[in-house]
Amino acid sequence: MTLSVGWLSAVVAGLFSARVLQKLCFPYFWTDVLFLLNVIVYGVKLELSKLTSSVFTVLDRFVQQAERIPDKPFVIYEGRTHTYRDVERRSNRLAHVFLHRVRLKKGDCVAVLMSNEPDFLCVWFGLAKVGCSVAFLNTNIKSKSLLHCFNCCGAKTLIVGSELVDCLDGILTTLLEDNIQVWAMKSHSEHTQVHTLLDKIDAASDQPVPAALRAATSLKTPTLYIFTSGTTGLPKAAVITHLQSLKASAGFWAFGGTKDDVVYIPLPLYHSAASLIGIGGTIELGATCVLKKKFSASMFWADCRKHDVTIFQYIGELCRYLCNQPKTELDKVHKVRMGVGNGLRQDVWRDFQSRFGNIKCVRCTTGSVGRSNYFYKLLFKYDLVKYDMEKDEPVKDQHGFCQRVKRGETGLLLSKVSATTPFFGYAGSKQLTEKKLMRNVFVKGDAYFNTGDLMSEDHEGFIYFKDRVGDTFRWKGENVATTEVTEILGLVDFIQEVNVYGVEIPRHEGRAGMAAMIIRAGLTFDGKKLFEHVTRDLPAYARPLFVRIQEVMEMTSTFKQQKFQLVQSGFNPSTISDPLYVLDYQQKSYIPLTDCIYQSILAGECKL
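None of the values given here were measured: they were computed from a predicted structure.

Trainee: Any chance you could explain the confidence of the model for the protein chain here in plain terms?
Mentor: Detailed conclusions should not be drawn from predicted coordinates in areas where pLDDT is low. Mean pLDDT over the protein chain works out to 85, with 84% of the residues at or above the 70 mark. Segment residues 364–368: pLDDT under 50, and 19 contacts once partners within four positions in sequence are set aside and those in other chains are kept.

What follows is the structure in structure tokens.
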């Protein structure tokens, strides 16, 4: 008996010690194991689907959910609830209109320019039901960039939201000359050559169109095109396959989401975060989402309380805006348990949790964009390599291969391309796709996708975003292509040469746009003219906040514009002898950047 008790005590002590050791040395072990199991289970499901004659897509999952839970709220928008049945039937009506009135065919690509609203989903699903691929257009892009998007994806039809028809002024003629038919979500149109959809929906059948139209035979078939700014200057159409859509839709589920969750989506649907992860994830769970037309910091928590939100999507800036709102007694009165999105700065996330409660940031710690582990690296191979910011290129060894950074050091994030992690590239240009690939990185014959992001990884495997490389920077959650901004600024008559880059601003995510420029001989800087030009031709996030007037534009040894020193010097008028200007929306002009204005920007008193 004594021996048995001794053995039992030893086992209990051993288990306790193992638990303590695991907590101390491997605190995320069970979280990692659970996540790995979820990934494996979902991966097996995808592999088994390849053995069948047809692919089960995200749209198929939605149709299945509409049959299974027809009366469950799917989308709550501006106080109105749209059930799974509602969206299913309206998307069926649109599918009939697209087939019989717009005369679309399976395999056509259709561009969609719409703001966040339930009809965005109905149009998206309606097009997918007739077998069309869909290109989501960024509602901020203007004129030349918008026209460029059609050339990228080969779309010959545009569906435009009712309030965005005016955005086509100036390019409508060009669209029509290019044989692109334009259909607006309106009952009547002032433009005789813009067709209307709303008046035709009511007369259409709400019964399903033949399922064969939407049937896909391969997971690698493109289903969406999502545009992203890049180093080429103009938006690039990233190819989104059924495989990528399915993986994204499993995100909430993999992190513990359930059918009882209510997801808050304040991000634009033309971004993959809101559409693929947010809407796709809601569909996969059979959950409910609260869709916002536009993010509002003042209404965020009131919405969460009103609709019993449990999961919200974010980007770093969003959480900072919430922290900047006046404190109230209701700050911790909500049911939100999880935030899903891009990484936050450490100080912002620390303030956010302290003020709003212990909300889980999935697979993240303070300020990180994610966490890696041994299991993850087995499935998804990536590396951080040394990068020379001044030369704007990876550091190579004597054999011409890249060099991995040490833990804690900042490096360029590369993701290995293989059969299990393919890169589907960009539509319309093999050159653009090839430009994003790096070959012979560590050994001859290997291939890696160049993310363009500088990251660091700490001793626990948490990965932190540091900066963008090349000719892009992030501001307001968007990638800004400096070459595109440079090209548009170059159209201003008094500008001889311009160099666009991003500068850091304390307590702000990303970098704000700044333009160093040389003024043409005999002409002078005109702040009002420049203001009118950038507000007309550039989206808000891409407009330079600061301007620096130079006599000479510095060049690198390879005759590229020198950005590194300009970025380092920032926008401080007390340390920069060149004239500086700042964008002022109240005066509708670029005005001199004084030390007083500079200090108010640092103090966070100016709205940027």
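Trainee: Even after reading the chapter, I still don't get helix H20 (residues 595–602), so can you show me in this structure?
Mentor: An α-helical turn contains 3.6 residues, so any two residues separated by three or four positions project in the same direction. Listing the buried residues of H20 in full gives Tyr598, Ser600 and Ile601. An end-on view of H20 places all buried positions within 165° of arc, on one side of the element. Tucked into the core, H20 has its buried residues touching strand E27 (546–549) and strand E28 (580–584). Positioned one or two residues after H20, Gly604 has a phi angle of 80°, which is positive.

Trainee: Looking at this model, I keep getting lost on the pattern of salt bridges. Mind explaining?
Mentor: Oppositely charged side chains can pair when the atoms bearing their charge come close. Applying the stated rule across the entire model yields 22 salt bridges. Put simply, Lys129 and Glu88 hold a salt bridge, and the shortest N to O gap is 2.7 Å. Of this pair, Lys129 sits in helix H5 (residues 118–129) while Glu88 is found in helix H4 (residues 84–100), placing the two residues 41 residues apart along the sequence. Comparing Lys129 with Glu88 shows no difference in burial state: the two are buried. A salt bridge links Arg536 to Asp537, with the shortest nitrogen-to-oxygen separation between them at 3.4 Å.

Trainee: What's the story with the layout of surface pockets in this structure? I'm lost.
Mentor: The gaps left among the atoms become clear once a water-sized probe is rolled over them. Taken as a whole, the second largest pocket spans an internal volume of roughly 430 Å³. When contributions to the lining of the second largest pocket are tallied by element, the ones reaching two or more residues are helix H3 (58–68), H5, strand E8 (222–228), helix H9 (242–249) and helix H11 (272–285). Here the lining of the second largest pocket is composed, by residue class, of 14 nonpolar, 12 polar and three charged.

Trainee: I'm lost on the side chain of Ser275 in this one. Help?
Mentor: Along the chain, Ser275 turns up in helix H11. Polar contacts involving the side chain of Ser275 include one to the main-chain carbonyl oxygen of Leu269, which spans 3.3 Å. Within polar-contact distance, the side chain of Ser275 engages the backbone oxygen of His271 at 2.9 Å. If we skip the residues at most four places from it in the chain, Ser275 touches Trp124, Phe136, Ile226, Leu269 and Gly280.

Trainee: Would you mind going over the sheet that holds E8 with me for this structure?
Mentor: Sheet strands pair via backbone hydrogen bonds, and the direction of the pair is either parallel or antiparallel. On the basis of which strands lie adjacent, the open sheet formed by seven strands has the order E7-E6-E5-E3-E4-E8-E9 and mixed pairing. The sheet is open, and its two borders are formed by strand E7 (194–196) and strand E9 (236–241), each paired with just one other strand. Between one strand and the next, the sheet's axes are offset by a mean angle of 25°, whatever the strand orientation. Of the strands in this sheet, E8 and E9 touch H9, which is tilted by about 75° from E9.

Trainee: I'm lost on the nonpolar core in this one. Help?
Mentor: For soluble globular proteins, the rule of thumb is that nonpolar side chains tend to be buried together. In this structure, Phe74, Phe98, Phe125, Ile279, Phe312 and Phe352 are the most contacted members of the largest nonpolar core, which totals 89 residues. It is H5 that contributes the most residues to this core, eight residues altogether. Discounting chain neighbours no more than four positions away, the residues touching Phe98 are Arg103, Leu104, Val123, Gly126, Leu127, Val130, Ile159 and Leu197. Formed by 44 residues, the second largest nonpolar core is a distinct cluster that contains Ile505, Met517, Leu530 and Phe531.

Trainee: Looking at this model, I keep getting lost on the pairing of E27. Mind explaining?
Mentor: Along any regular strand, the residues point their side chains to alternate faces of the sheet. By the alternation rule, side chains of E27 split into Phe546 and Arg548 and Val547 and Ile549, which are all buried. Relative to E27, strand E26 (residues 512–519) is paired through four bridges, and the arrangement is parallel. Along E27, the bridge assignment pairs Met514 with Phe546. One crossover worth recording links E26 to the parallel E27 by way of helix H18 (residues 527–537), and it is right-handed. Bridge count for E27 against E28 is three bridges, and the pairing is antiparallel. Note on E28: the bridge partner recorded for Val547 is Tyr581.

Cut-off values and rules
- Residues numbered from 1 in each chain as written.
- Predicted model: local features only at pLDDT ≥ 70, side-chain atom pairs only at ≥ 80, totals over all residues.
- Heavy atoms only, no water.
- pLDDT = per-residue confidence, 0-100.
- Contact = heavy atoms within 4.5 Å.
- Buried < 20%, exposed > 50% of the residue type's maximum accessible area, 1.4 Å probe, protein only.
- Helix = DSSP H or I, 4+ residues; strand = E, 2+ residues; numbered from the N terminus.
- Arc of directions from axis to C-beta.
- Salt bridge = Lys/Arg side-chain N within 4 Å of Asp/Glu carboxyl O.
- 1 Å grid on protein atoms, 1.4 Å probe; cavity = no way out; pocket = protein on both sides within 12 Å on 5 of 7 lines; lining within 4 Å.
- Points joined across faces, edges and corners; volume = space filled by probe spheres on them.
- Nonpolar A, V, L, I, M, F, W, Y, C, P; charged D, E, K, R; others polar.
- Polar contact = N/O pair within 3.5 Å; in protein donor to acceptor, adjacent residues only side chain to side chain.
- Pairing = 2+ DSSP bridges.
- Axes fitted to C-alpha atoms, helices over the stretch in contact; angles between N-to-C directions.
- Core = buried A, V, L, I, M, F, W, Y, C linked by side-chain atoms within 4.5 Å.
- Right-handed = clockwise from strand over helix to strand, strands pointing away.

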